[in-house]
Amino acid sequence: MHKPVRFDKKQRVIDELTRRIHSGRLRRGKRLPGEHQLAEELEVSRGTLREALLELKRQSYIATQTGVGSIVTYDGVEIDPQRGWARALAETGADLQVEMLRLATIEEADLQTRFGVERFIAVDRRRFTRGGLFVSLERSRIPALPALADLPARGLVDDSLTATLRAAGLEVARGEQSVDIAYLDEESANLLTRDVGTPVLRSTRTTFNQQGSLVEHVVSLLDPDHFRLHLHFGT
């Protein structure tokens, strides 16, 4: 059986360089080593390396400047939601801070009907860079169970909603998530200090426990310059 060796080597180079970028080893603005040095380091031909760099350029990971070389342009964040946003962001080395906007018990009629839950705890947060640029707005709704009744008063466990849910016995067994483009309304635009109508990524994620009861429903508005959808599939 014929094996596409060149394609495998090209993909290996792409995977290795994106891993370095996501880990922060290659940060935004950093110049990649020269083609000769990089090809030797990754043990591929310069032709294979160039094909991999073209693909990284197509995916907006790098840009090529004449006389300079390839520069990393990607400054987004790859997140494993199973570990929670706070921990996942910290592990990537992303320099983002979080601000709690609301932690309160509420009622939302549409969600009551949809999930059969009478009352929710709203956990609204926004994240921003050290320079003060707001890059995400997250509105989480979790069921106001007895174990969480005093949550608005005591706050999140280790500033992590994932840890708080786990401590309350809410373990995720399944869920669904969709991502689309949304345009900021006045309230969201003010919170993100953007113009009304600015397009952003909108992620809607709902998770359930083993019994099919709601664990969390969260709608996140994400700055597309800092976040992207990156799916892994296959073996």
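Note that residues are indexed from 1 along each chain, following the sequence as it is written. Reporting in this predicted model follows two pLDDT cut-offs: at least 70 for local features of residues, and 80 or more for side-chain atom pairs to be given and counted; totals over whole chains, interfaces and linings ignore these cut-offs and use all residues. Excluded from the side-chain calculations are hydrogens and water; all other atoms, namely the structure's heavy atoms, are used.

Draft legend 1. Inspection of the packing of aromatic side chains at higher detail. Each Phe, Tyr or Trp ring (for Trp, its six-membered ring) is paired with any other whose centre lies within 6.5 Å, and the angle between the two planes then decides the class: stacked below 30 degrees, edge-to-face above 60, tilted in between. Under the counting rule described, the total for this entry stands at 2 aromatic pairs. A ring is scored as having a charge over it whenever the NZ atom of a lysine or the CZ atom of an arginine sits within 6 Å of its centre and within 35 degrees of its normal. For the cation-ring pair, Arg126 lies above Phe134, with the distance from its terminal atom to the ring centre recorded as 3.9 Å.

Draft legend 2. Representation of the nonpolar core within the structure. Grouping buried Ala, Val, Leu, Ile, Met, Phe, Trp, Tyr and Cys residues that are joined through side-chain atoms within 4.5 Å yields what is termed a nonpolar core. Throughout, exposure labels follow a simple rule: accessible area from a 1.4 Å probe, protein chains only, divided by the maximum for the residue type, with under 20% read as buried, over 50% as exposed, and the rest as partly exposed. Among the nonpolar cores identified, the biggest contains 18 residues, and Leu17, Leu32 and Leu49 are the most heavily contacted of them. Elements supplying a minimum of two residues to this core: helix H1 (5-23), helix H2 (35-42) and helix H3 (46-58). If we skip the residues at most four places from it in the chain, Leu32 touches Leu17, Leu26, Leu38, Leu53, Ile62, Ser70 and Val72. With 11 residues, the next largest nonpolar core counts Ile142, Leu156, Leu161 and Leu170 among its residues. Elements are defined by DSSP. Helices are runs of H or I of four residues or more, strands are runs of E of two residues or more, and each kind is numbered from the N terminus. By the convention used here, residues are in contact when the closest approach between their heavy atoms is within 4.5 Å.

Draft legend 3. The arrangement of the pattern of salt bridges in detail. Salt bridges, as used here, are contacts in which a Lys or Arg side-chain nitrogen is within 4 Å of a carboxyl oxygen on Asp or Glu. Taken as a whole, this structure holds 16 salt bridges when the rule is applied. A salt bridge links Arg58 to Glu55; the shortest N-O distance between them is 2.6 Å. Of this pair, Arg58 and Glu55 both sit in helix H3, 3 residues apart, roughly one helical turn. Here Asp180 and Arg202 are joined by a salt bridge, their closest N and O atoms 2.8 Å apart. In this pair, Asp180 sits in strand E6 (residues 174-183) while Arg202 sits in strand E7 (residues 199-208), placing the two residues 22 residues apart along the sequence. Its relative accessible area of 30% is what places Arg202 among the partly exposed residues. Salt bridges here are not isolated pairs; linked through shared partners, they connect Glu16, Arg19, Arg20 and Glu41.

Draft legend 4. Here's a closer look at the environment of Gln210. By the element assignment, Gln210 lies in the loop between E7 and strand E8 (214-222). For the pair Gln210 and Val172, spaced 38 residues apart in the sequence, the C-alpha separation amounts to 7.2 Å. Beyond its immediate stretch of four places on either side in the chain, Gln210 contacts Glu171 and Ala173.

Draft legend 5. Spotlight on the side chain of Arg20. Position of Arg20 among the secondary structure elements: in helix H1. Sequence-distant contacts of Arg20, that is, excluding residues within four places in its chain, are made with Arg25, Leu26, Leu38, Glu41 and Leu42.

Draft legend 6. Inspection of H3 at higher detail. By this rule, a helix spans an expected 1.5 Å times one less than how many residues it contains. Between the first and last C-alpha of H3 there are 18 Å, a value that for 13 residues agrees with the 18 Å anticipated at 1.5 Å per step. Residues of H3 that are buried: Thr48, Leu49, Ala52, Leu53, Glu55 and Leu56. For H3, the buried positions fall inside an angular range of 160° around the axis, keeping them on one side. Opposite the buried face of H3, by more than 90 degrees, sit the exposed residues Leu54 and Arg58. The reported arc concerns the directions from the helix axis to the C-beta atoms and nothing else.

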